[in-house]
Amino acid sequence: MATAQKDMEEAEIVTVSFAQLNQPGVDLIAAIEQAFGPEGLGIIRVSGVPQLKHFRQRLLPLANQFAMLPEEVKRRYEDPVSLYNLGCSHG
């Protein structure tokens, strides 16, 4: 097995709590660097989100509605400068 692939299999998903995200002064730099740094997987899991199931059920149908909008409307939400890290992308 290639070393890079093995390293990715051993990497862990970084988790921060919803409470941490909403608490002023909490330093999350280390968690962000761990998640998005050279050894990271590129994702952060947020735990303890209040009413997650409710909001997820409301959001998923909206994603389909957005996907069905005309291309010129969706383009307003694209952000190519950020390499589509913000806004809308189809990837």
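Small disclaimer: the values here were computed from a predicted structure and weren't measured.

Visitor: Just to check I follow, could you spell out the overall build of the chain for this structure?
Guide: Each helix and strand in the chain was counted, giving five helices and two strands. Counting helices and strands in the order they occur from the N terminus, the chain gives α-β-α-α-β-α-α. Relative to its 91 residues, the chain shows a buried fraction of 11%. The contacts in the chain between residues at least 6 apart in sequence include a share of 46% that link residues at least 24 apart. As displayed, the chain has an accessible area near 7600 Å², and 57% of this comes from carbon and sulfur atoms.

Visitor: Whenever I open this one, the environment of V16 confuses me. Can you help?
Guide: Structurally, V16 can be placed in strand β1 (residues 14–17). According to the relative accessible area criterion, V16 is buried, its value standing at 4%. As a C-alpha pair, V16 and A31 span 15 residues in sequence and 7.6 Å in three-dimensional space. Apart from residues no more than four positions distant in its own chain, V16 is found in contact with L21, L28, A31, I44, R45, V46 and S47.

Visitor: Teacher, can you tell me more about the nonpolar core here?
Guide: Judged by nonpolar contacts, V14, V16, L28, A31 and A35 together constitute the single largest core of five residues. In contact with V14, not counting residues within four places along its chain, are A31, Q34, A35, I43, I44 and R45.

Visitor: What am I meant to see in the confidence of the model for the chain here?
Guide: Should pLDDT be low for a region, the predicted coordinates there are not to be read in detail. When pLDDT is averaged along the chain, the result is 85; 81% of the residues meet or exceed 70. Within the chain, the element-level pLDDT minimum falls on helix α1 (residues 3–10), averaging 57, and the maximum on β1, averaging 97.

Visitor: Can you walk me through the pairing of β1 in this structure?
Guide: Here is the key point about a regular strand: its side chains alternate between the two faces of the sheet. Burial along β1 is one-sided: V14 and V16 are buried, and none of T15 and S17, which face the opposite way, are. Examined bridge by bridge, β1 and strand β2 (residues 44–47) share four bridges and lie parallel to one another. The residue bridging V16 from the neighbouring strand is V46, located in β2.

Visitor: Just to check I follow, could you spell out the packing of aromatic side chains for this structure?
Guide: The description of an aromatic ring pair rests on the distance of the ring centres and on the angle between the ring planes. One pass over the full model with this rule turns up one aromatic pair. A ring pair is formed by F66 and Y77, whose centres lie 5.6 Å apart and whose planes are at 75°; its orientation type is edge-to-face. Of this pair, F66 sits in helix α4 (residues 52–67) while Y77 sits in the segment after α5 (71–75), and the two are eleven residues apart along the sequence. A residue is classified by how much of its surface remains accessible, and F66, at 25% relative accessible area, is partly exposed. Residue classification places Y77 among the partly exposed residues on the basis of a relative accessible area of 47%.

Scoring rules and cut-offs
- Residues numbered from 1 in each chain as written.
- Predicted model: local features only at pLDDT ≥ 70, side-chain atom pairs only at ≥ 80, totals over all residues.
- Heavy atoms only, no water.
- Helix = DSSP H or I, 4+ residues; strand = E, 2+ residues; numbered from the N terminus.
- Buried < 20%, exposed > 50% of the residue type's maximum accessible area, 1.4 Å probe, protein only.
- Contact = heavy atoms within 4.5 Å.
- Areas by Shrake-Rupley, 256 points an atom, 1.4 Å probe, with all protein chains shown as cover.
- Core = buried A, V, L, I, M, F, W, Y, C linked by side-chain atoms within 4.5 Å.
- pLDDT = per-residue confidence, 0-100.
- Pairing = 2+ DSSP bridges.
- Phe/Tyr/Trp six-rings, centres within 6.5 Å; stacked < 30°, edge-to-face > 60°.

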